[in-house]
Amino acid sequence: MNIRKRTCEILTAAVYHLGVFLLLASGACAQVEWSWHVSGSSEPLNDVIWDGDKFLVVGEAGTILSSPDAVTWSGQASGSNQSLRSIIREGGDIVAVGQGGIILTSTDGVSWSTRVSDVATFISGIAYGMGRFVAVGGSGTILTSPDGVDWSPANSGTTRFLQAVAFSDGKFVAVGASGTVRISTDGLNWSGSSTGRSEFLTAVHYFDGTWLVGGQSGIMLSSQDTQSWQSQLIEPYEWIRAFASNGERILAVGDAGIMFISFDGEAWQTLSSGTTAALGGAGFADGQFIVVGELASINPEEPVSALIATSPIAPAIAWESTKLTVSEDAGELVVRLLRSAPSDT
């Protein structure tokens, strides 16, 4: 990766108010440099996790890839040719779910076993909380398991497709077709939450006290209590497929290579991904964001393969409630402060 110098000019003002000087700032330099890696897979990739000592990626046609550094990847035999859509690790258990009710489990990310789900529909999302795995899918399907091996159905209260599920802040949130959001505190009993939207919702994430939901046409929903939802449409209005966060910022990715980054889940900045390929999964681990997606040509010297990209993320400067990105890659960054005259207002 080439090292480049970038200069960010930030307007600052010293303001005296109620006996306190405040340093106010506007502007940011949040250009992210992505390193592209050859996955070696000819199948689109859908999700990525860190299992404690390596990255694991799942994709179409039963694809499972592993890597200790997100650079060199090797394929693992899943024993299935079904599409794998979501993967999670909890303790020593790794669970992947997908097409035709497929559920795979592993303790090392290398050897995989097929489990009985007793459903034939697509299982598209999985989460863990309250001592159980919760998987969601087509026709409002919800399955629960204490160990990833034995699965039982739960009544979701809807027949709409449920695409994704997450657990945080003491509750599960599942999202899906026609603006559907379902809520549960135990994974067994579910209730509805009205969003006032009709878009297909495909991603859900909890970030800094706020639930975020993304989906069709660039829809972005946010809520602090999972009952009252605020909505916005983010240009270029492409489908938002996945979120990832590192505690101080959150990344959203989706179709046509879209990438957005935010410090608060409300104001989003568009990033250049360098590709128009669909990005289906994202994660943060080992000090870097990682995204995965469909087939793309990284450069003329490399073969076309399912794309994998990483970006190390540096800390941010915080001034009062304002955060400023210092650096998004290994390059040198120069920050120039332009001070205005002090004001009594």
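Provided above is the structure to which this section pertains.
On a predicted model such as this, the values are computed, not experimentally measured, just so you know.

1. Re the environment of isoleucine 308
- Checked against the element boundaries, isoleucine 308 lands in strand β30 (residues 305-312).
- Among the residues examined, isoleucine 308 registers a relative accessible area of 0% and is labelled buried.
- In sequence terms isoleucine 308 and glycine 40 are 268 residues apart; their C-alpha atoms lie 9.9 Å from each other.
- Not counting residues up to four positions away in its chain, the partners in contact with isoleucine 308 are Ser35, Trp36, His37, Ser39, Leu45, Leu65, Ala70, Trp73, Ile290, Val291 and Val292.

2. Concerning the sheet that holds β30
- Strands sit in the order β3-β30-β29-β28 across an open sheet of four strands; the sheet is antiparallel. Each edge of the sheet is formed by a strand with only one pairing partner; in this case those strands are β3 (35-38) and β28 (279-285). Neighbouring strand axes in the sheet, compared pairwise and without regard to direction, differ in orientation by 25 degrees on average.
- Sheet analysis places β3 next to β30, joined by four bridges and oriented antiparallel. For histidine 37, the partnering residue across the bridge sits in β30 and is isoleucine 308.

3. Digging into the nonpolar core
- Trp34, Leu251, Val253, Met259, Ala282 and Val291 are the most contacted members of the largest nonpolar core, which has 16 residues in total.
- Elements that contribute at least two residues to this core include exactly β24 (240-245), β25 (250-254), β26 (259-262), β28, β29 (288-296) and β30.
- Counting residues per element, this core draws most heavily on β29, which supplies three residues.
- Setting aside residues up to four positions removed in sequence, methionine 259 forms contacts with Trp34, Leu251, Ala252, Val253, Gln269, Thr270, Leu271, Ser273, Leu279 and Val291.
- Within the second largest apolar cluster, 13 residues are counted, among which are Val173, Val181, Ile183 and Val204.

4. Quick look at the packing of aromatic side chains
- In the structure shown here, the tally under the stated rule is 10 aromatic pairs.
- Taking the centre distance of 6.1 Å and the plane angle of 50 degrees together, the rings of phenylalanine 161 and phenylalanine 200 count as tilted. Placement of phenylalanine 161 in the loop between β15 (152-154) and β16 (162-168) and of phenylalanine 200 in the loop between β19 (191-192) and β20 (201-207) is noted, with a sequence separation of 39 residues between them.
- Accessibility expressed as a relative area gives 25% for phenylalanine 161, which makes it partly exposed.
- Three or more aromatic residues joined by ring pairs make a cluster, and in this case those are Tyr128, Phe133 and Trp151.
- Over the face of the ring belonging to tryptophan 239 we find arginine 241, whose NZ or CZ atom lies 4.4 Å from the ring centre.

About the cut-offs
Residues numbered from 1 in each chain as written. Predicted model: local features only at pLDDT ≥ 70, side-chain atom pairs only at ≥ 80, totals over all residues. Heavy atoms only, no water. Helix = DSSP H or I, 4+ residues; strand = E, 2+ residues; numbered from the N terminus. Buried < 20%, exposed > 50% of the residue type's maximum accessible area, 1.4 Å probe, protein only. Contact = heavy atoms within 4.5 Å. Pairing = 2+ DSSP bridges. Axes fitted to C-alpha atoms, helices over the stretch in contact; angles between N-to-C directions. Core = buried A, V, L, I, M, F, W, Y, C linked by side-chain atoms within 4.5 Å. Phe/Tyr/Trp six-rings, centres within 6.5 Å; stacked < 30°, edge-to-face > 60°. Lys NZ or Arg CZ within 6 Å of the ring centre and 35° of its normal.

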